[in-house]
Amino acid sequence: METNGVNVRRATEADIAVLAEHRTALRVYEHGIPPYQRAFAAEVTANTYAELFAAGDLLGWIVDQHGAVAGSVCAWLRRMLPHVDGVRPLEARVQAMYILPEYRRSGCGTVLMQALLEEMRARDVRRVYLHPSEQGRHFYPAFGFRDADEMELFLPYDGAPR
């Protein structure tokens, strides 16, 4: 999907290193991971992402602007514990929404979140949640997320098995 030079696509296993580097960059910025631990953090994240991708439990999206990678986001899918009716719907945790600094406020984050939520609706995911950075906290309410320590969005669910 391309709009005004901004293109978003589903990530593949070939993109795992980029996804892991973006998550690591976010953690360096948000949590102050020391530079000497960055390579190790990216490596273990890439290994974990590879396992989750292979199992079908992690989905990712890459956004580029005029051909250059501008950011990424992942959704970690899990089955919720059973409800009173015994149904275990899917939930998704938004993982590492990251836009490179030079591309922030250019619409890249919006198209990534739209793509992620479109896929979650198509998969009948019941709950989407995330732990926002302070910088990103203002971004998510526009998509229907409630502001809380853990932000969440409940998607419509018709109860039909898929």
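Please refer to the structure placed before this passage.
Residues numbered from 1 in each chain as written. Predicted model: local features only at pLDDT ≥ 70, side-chain atom pairs only at ≥ 80, totals over all residues. Heavy atoms only, no water.

**Structural notes on helix H3 (residues 108-122)**
Here H3 is 15 residues long and its end C-alpha atoms lie 21 Å apart, about the 21 Å a rise of 1.5 Å per residue gives. Along H3, the positions that sit buried rather than exposed are Cys108, Gly109, Val111, Leu112, Met113, Ala115, Leu116, Leu117 and Met120. Residue Asp124 follows H3 closely and has a positive phi angle near 60°. (Helix = DSSP H or I, 4+ residues; strand = E, 2+ residues; numbered from the N terminus. Expected span 1.5 Å × (residues − 1). Buried < 20%, exposed > 50% of the residue type's maximum accessible area, 1.4 Å probe, protein only.)

**Quick word on the packing of aromatic side chains**
For the structure shown, the criterion picks out three aromatic pairs. Cluster of aromatic residues (ring-pair linked, three or more members): Phe139, Tyr140, Phe143 and Phe145. Over the face of the ring belonging to Trp76 we find Arg78, whose NZ or CZ atom lies 4.2 Å from the ring centre. (Phe/Tyr/Trp six-rings, centres within 6.5 Å; stacked < 30°, edge-to-face > 60°. Lys NZ or Arg CZ within 6 Å of the ring centre and 35° of its normal.)

**Regarding the pattern of salt bridges**
Taken as a whole, this structure holds six salt bridges when the rule is applied. Arg10 is paired through a salt bridge with Glu119; the nearest N and O atoms lie 3.8 Å apart. Here the residue Arg10 occupies a position in strand S2 (residues 6-10), and Glu119 occupies one in helix H3, the gap between them amounting to 109 residues. Its relative accessible area of 35% is what places Arg10 among the partly exposed residues. A salt bridge links Arg123 to Glu119, with the nearest nitrogen and oxygen atoms 2.6 Å apart. The class for Arg123 is partly exposed, based on a relative accessible area of 33%. (Salt bridge = Lys/Arg side-chain N within 4 Å of Asp/Glu carboxyl O.)

**Observations regarding helix H2 (residues 35-55)**
Over its 21 residues, H2 extends 31 Å from the first C-alpha to the last, a length consistent with the 30 Å expected when each residue adds 1.5 Å. Those residues of H2 that sit buried are Ala41, Ala42, Thr45, Ala46, Tyr49, Leu52 and Phe53. In an axial view of H2, the angular spread of the buried residues amounts to 140°, which keeps them on one side of the axis. Opposite the packed face of H2, turned more than 90 degrees from it, sit the exposed residues Tyr36, Ala39, Phe40, Glu51, Ala54 and Ala55. Here the buried face of H2 lies against helix H1 (16-31), strand S3 (58-65), strand S4 (68-79) and strand S5 (90-99). Just beyond H2, the residue with positive phi is Gly56, at close to 80°. (Arc of directions from axis to C-beta. Contact = heavy atoms within 4.5 Å.)

**Considerations on the environment of Ala96**
Assignment of secondary structure puts Ala96 in strand S5. Sequence spacing of Ala96 and Arg27 is 69 residues, and the spatial spacing of their C-alpha atoms is 8.6 Å. When sequence neighbours within four positions are dropped, the list of residues in contact with Ala96 reads Arg23, Leu26, Tyr49, Ser72 and Val73.

**Thoughts on the pairing of S4**
With eight bridges connecting them, S3 and S4 associate as antiparallel partners. Residue pairing in the sheet places Leu59 in a bridge with Ala75 of S4. In sequence, S3 turns back onto S4 through a hairpin of two residues, with His66 there showing a positive phi of about 50°. With eight bridges connecting them, S4 and S5 associate as antiparallel partners. (Pairing = 2+ DSSP bridges.)

**Here's the deal with unusual backbone geometry**
Located in the positive-phi region is His66, a residue other than glycine, with phi close to 50°. You can see His66 is positioned in the loop between S3 and S4. With phi around 60°, Asp124 is a residue other than glycine that occupies positive phi space. Within the element layout of this structure, Asp124 appears in the loop between H3 and strand S6 (127-130). Accessibility expressed as a relative area gives 13% for Asp124, which makes it buried.

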